[in-house]
Amino acid sequence: MSESGFEGGCLCGSIRYRVRGAPLSSGICHCRSCRRAAGAPMLPYVTFPIADFRVIKGRPAEFRSSPPVTRSFCARCGTSLTYRHADYADRIDVMSCTLDDPDRFPPTLHIWTSHKLGWVKIEDGLPVYAATKDTES
Ligand SMILES: [Zn+2]
Ligand SMILES: [Zn+2]
């Protein structure tokens, strides 16, 4: 049996990565930082254990968007690739739309809707969190 895995990469092809196993979660972030990083109204992501993520081609550039948060992207074409938070060092968020099959892991919730743009209408029936799921009480 071959190792189950899924590949993805940036727009120009300089960076390629592989994830394996089952994701821990998937969602759509509406926060201001993700919006800027993506250049889009929201940022869909899939979370994997860090051990299940591997860059297989190229070397992503990194940017610290806040003290605990490191984002990676392609320095050539600018595609946002991953998000890591120091408090959750054992996992990594992969930008869902950089997967070769972006339909593979559909989002299951929306986070940071307190930052959501007024013209974005959430009508997919998924759970909505004003901030992160972890801090919601
Ligand atoms: Zn690129
Ligand atoms: Zn965000």
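Residues numbered from 1 in each chain as written. Chains lettered and ligands numbered in written order. Predicted model: local features only at pLDDT ≥ 70, side-chain atom pairs only at ≥ 80, totals over all residues.

1. Observations regarding unusual backbone geometry
Of note in this structure, Trp112 is not a glycine but carries a positive phi near 55 degrees. Within the secondary structure layout, Trp112 lies in the segment after strand 10 (110-111). (Helix = DSSP H or I, 4+ residues; strand = E, 2+ residues; numbered from the N terminus.)

2. Observations concerning the pairing of strand 3 (residues 25-29)
Relative to strand 4 (residues 43-49), strand 3 runs antiparallel, the two sharing five bridges. Bridged to Cys29 within strand 4 is Leu43. (Pairing = 2+ DSSP bridges.)

3. A word on the nonpolar core
Of all hydrophobic cores here, the largest spans 23 residues; its most connected members are Cys29, Leu43, Tyr45, Leu81 and Val94. Put simply, the parts of the chain that give this core at least two residues each are strand 2 (16-20), strand 3, helix 1 (32-38), strand 4, strand 8 (80-85) and strand 9 (91-95). The greatest single-element share of this core, amounting to four residues, is contributed by strand 4. Leaving out residues up to four positions away in the same chain, Tyr45 has contacts with Ser26, Gly27, Cys29, Tyr83, Asp93, Val94, Met95 and Ser96. (Core = buried A, V, L, I, M, F, W, Y, C linked by C-beta atoms within 7 Å. Buried ≥ 20, exposed ≤ 12 C-beta atoms within 10 Å, placed from the backbone. Contact = placed C-beta atoms within 7 Å.)

4. Looking at the sheet that holds strand 5 (residues 53-57)
Overall, antiparallel pairing links the three strands, which are arranged 1-2-5 in an open sheet. Unpaired on one side and paired on the other, strand 1 (5-9) and strand 5 mark the two borders of the sheet. The average angle at which neighbouring strand axes cross in this sheet is 30 degrees, direction not considered. Taken together, the five bridges between strand 1 and strand 2 define a ladder with antiparallel strand orientation. Along strand 2, the bridge assignment pairs Glu7 with Arg18. (Axes fitted to C-alpha atoms, helices over the stretch in contact; angles between N-to-C directions.)

5. Overview of the environment of Asp124
Within the secondary structure layout, Asp124 lies in the segment after strand 10. Sequence separation between Asp124 and Thr108 is 16 residues, and the spatial gap between their C-alpha atoms is 9.8 Å.

6. A word on the sheet that holds strand 6 (residues 61-66)
Hydrogen bonds between backbone groups are what pair the strands of a sheet, and the pairing can be parallel or antiparallel. Across the sheet, which stays open at both edges, the seven strands sit in the order 6-7-8-9-4-3-10 with mixed pairing between neighbours. Edge strands, defined here as strands with exactly one partner in the open sheet, are strand 6 and strand 10.

7. Examining the environment of Lys121
Its place among the elements puts Lys121 in the segment after strand 10. The exposure class assigned to Lys121 is exposed, which follows from the 8 C-beta atoms found within 10 Å.

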